[in-house]
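Remarks on the overall topology
Spelled out from the first residue to the last, the chains are:
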Amino acid sequence: MTSIGLFVSQDPDESMIGKTICMEDEEDPIYVTCSYIGPTTTLTLSVYYDYQQIPFRVGEKEDKVDTYSFQLNNREEIKVPMILDGLTSDEERHKLLFSVIGASDRHMSELEEVADCVNITHLCDLIYKENQTDKMSFTLSKSTPERMFRCPEARNLVLNTDYENQELQKNGYPALPKSVYPCKAGSTLELMYTLRGVETSETGLIFVTTDYEQVEINGKDSLLFAVNTEDVCTGRLSIKVPEVPGLYDVIGYAVFDPTALVDDVELHNVEISPRFTLQVE
């Protein structure tokens, strides 16, 4: 059995009160503490500002990175001091989403079938010292799904290539992806999404990463849908296959009620899709 703990704070020695980061200066560090139980594994940390991946600096290093990977043994813990790059203070409220993915040094193609890998996310609000409002200027028009199916027990997010939703119509559940998909370098890959809301959610936002780097879907950073807990939205989204041959793992994220104050919503408002590998040739 494996598990990851994730805690975010502005003080290296104290717990953060609530789920809001109040930033006095854009160069203020944020401390991400990650604990782990299980066999030795490599984990990869990434950060999203208003649901767009942003680079950061770790500790006193000058180089900016999009992801930071580290290894933990059973019952070990690491505290990562980071300075986020590209922030500009304003009077609005913003979102920070921290993601840690386990077994990130392995690809799903090494397995015969897709398996859930241990992962964890932390979503919090961010305000600057000039903050004057609880509103977010983040706006995204709702996309229209191709079809809706009654499926109250489905996973919250699955990406697959069941373009006709055959598995969904036959068995009432979306098909899991294959563990590996051969692709041509630089091509476009079409995937099907199935998205189901969580309790009390009204909207769900999807974004996708390839080897822990965010990629455009349908020419956008993310897609937004109206959701509920009884029905799944389904439709196609396209991603660009990497130009360099190799193995790349794909993960989808679903954030429910993405602009709501974090303190006002229940837990589990971020879900991650089953991971699979692109074999790029």
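All of the points below concern the structure found in this document. Since the model is a prediction, treat every value here as computed from it, not as a measurement. (Residues numbered from 1 in each chain as written. Predicted model: local features only at pLDDT ≥ 70, side-chain atom pairs only at ≥ 80, totals over all residues. Heavy atoms only, no water.)

1. With respect to the overall build of the protein
Applied cut-off: Comment: elements are numbered from the N terminus, with helices defined as DSSP H or I runs of at least four residues and strands as E runs of at least two. Both definitions apply: the radius of gyration is a C-alpha atom measure, and the globule rule equals 2.2 Å times residues to the power 0.38. Throughout, exposure labels follow a simple rule: accessible area from a 1.4 Å probe, protein chains only, divided by the maximum for the residue type, with under 20% read as buried, over 50% as exposed, and the rest as partly exposed. Two residues qualify as a contact provided that any one of their heavy atoms is within 4.5 Å of a heavy atom in the partner residue. Accessible surface area values rest on a Shrake-Rupley calculation with a 1.4 Å probe, where residue burial reflects the displayed protein chains alone. The sign given to each residue is positive for Lys and Arg and negative for Asp and Glu; His and the chain ends receive no count. A charge is said to be at NZ when it belongs to Lys, at CZ for Arg, at CG for Asp and at CD for Glu.
Of regular secondary structure, the protein possesses 1 helix and 21 strands. Compactness check: the protein gives a C-alpha radius of gyration of 19 Å against a globular reference of 19 Å for 281 residues, within 12% of the reference. Each of the three principal axes of the protein carries a C-alpha extent, and together these read 55 × 40 × 35 Å. When burial is assessed residue by residue, the protein has 49% of its 281 residues classed as buried. Put simply, of all contacts in the protein between residues at least 6 apart along the chain, 77% involve residues at least 24 apart. Here the protein has roughly 13,600 Å² of accessible surface; of this, 45% comes from carbon and sulfur atoms. On the protein, the mean spot of the 23 positive side-chain charges and the mean spot of the 49 negative ones are 6 Å from each other.

2. Let's talk about the packing of aromatic side chains
Applied cut-off: Only Phe, Tyr and Trp rings take part, Trp by its six-membered ring, and two of them pair if their centres are within 6.5 Å. Stacked means planes under 30 degrees apart, edge-to-face means over 60, and tilted covers everything else.
For the coordinates displayed, the defined rule picks out 6 aromatic pairs. Pairing Tyr48 with Phe207 gives two aromatic rings, centres 4.8 Å apart and planes at 45°, and the pair type is tilted. Of the two residues, Tyr48 is situated in strand β4 (residues 41-49) and Phe207 in strand β15 (residues 203-210); the sequence distance between them amounts to 159 residues. In this structure Tyr48 comes out as buried when scored by relative accessible area, which is 0%. Its relative accessible area of 0% is what places Phe207 among the buried residues. With centroids separated by 5.8 Å and ring planes inclined at 35°, the aromatic side chains of Tyr68 and Phe70 adopt a geometry described as tilted. Ring pairs connect the aromatic residues Tyr48, Phe207 and Tyr253, which therefore count as one cluster.

3. Concerning the pairing of strand β2 (residues 20-23)
Note the threshold: Any two strands with at least two DSSP-identified bridges between them are counted as paired.
Along β2, the buried face is formed by Ile21 and Met23; none of Thr20 and Cys22, which line the opposite face, is buried. Examined bridge by bridge, β2 and strand β10 (residues 119-128) share 4 bridges and lie parallel to one another. Bridge pairing in β10 links Ile21 to Leu126.

4. Observations regarding the sheet that holds strand β6 (residues 56-58)
Threshold: Axis definition: a line fitted to C-alpha atoms, over the contacting stretch in the case of helices. Angles run 0 to 180 degrees between N-to-C directions.
With antiparallel pairing, the 4 strands of this open sheet are ordered in space as β1-β3-β8-β6. Two strands bound the open sheet, and with one partner strand each, they are β1 (3-9) and β6. The average angle at which neighbouring strand axes cross in this sheet is 30°, direction not considered. In terms of strand pairing, β1 meets strand β3 (residues 30-37) through 7 bridges, oriented antiparallel. Note that in β3 the partner of Phe7 across the bridge is Thr33.

5. Concerning the sheet that holds strand β12 (residues 157-160)
The strands that make up a sheet pair up through hydrogen bonds in the backbone, lying either parallel or antiparallel. Spatially, β11-β18-β14-β12 is the arrangement adopted by the 4 strands of the open sheet, whose pairing is antiparallel. Looking at the sheet topology across the chains shown, the edges are occupied by β11 (147-150) and β12. Going across the sheet, the axis of each strand differs from the next one's by a mean of 30°, ignoring polarity. Two strands pair when backbone bridges link them, and β12 and strand β14 (residues 188-196) are joined in this way by 4 bridges, in the antiparallel orientation. Note on β14: the bridge partner recorded for Asn160 is Met192.

6. Topic: the side chain of Ser46
Quick note on the threshold: The term polar contact refers here to a pair of N or O atoms within 3.5 Å; inside protein, the definition further demands a hydrogen-donor-capable atom paired with an acceptor-capable atom, and it admits residues adjacent in sequence only when both atoms are side-chain atoms.
Relative to the helices and strands, Ser46 is located in strand β4. On the basis of relative accessible area, Ser46 is assigned to the buried category, the value being 4%. Polar contacts involving the side chain of Ser46 include one to the side chain of Tyr48, which spans 3.3 Å. Aside from chain neighbours lying at most four places away, what touches Ser46 is Gln53, Phe56, Asp66, Thr67, Leu97, Phe98 and Ser99.

7. Overview of the environment of Leu123
Along the polypeptide, Leu123 turns up in strand β10. Linking Leu123 and Lys95, residues 28 residues apart in sequence, is a C-alpha distance of 7.1 Å. Setting aside anything within four residues of it in sequence, one finds Leu123 in contact with Tyr51, Lys95, Leu96, Leu97, Val255, Val262, Asn269 and Val270.

8. Thoughts on unusual backbone geometry
Even without glycine at this site, Arg75 takes up a positive phi of about 65°. Summarising the element assignment, Arg75 is placed in the loop between β7 (68-72) and β8 (77-84). Judged by relative accessible area, Arg75 falls into the exposed class, the value being 65%. One non-glycine residue with positive phi stands out, namely Ala103, at about 50°.

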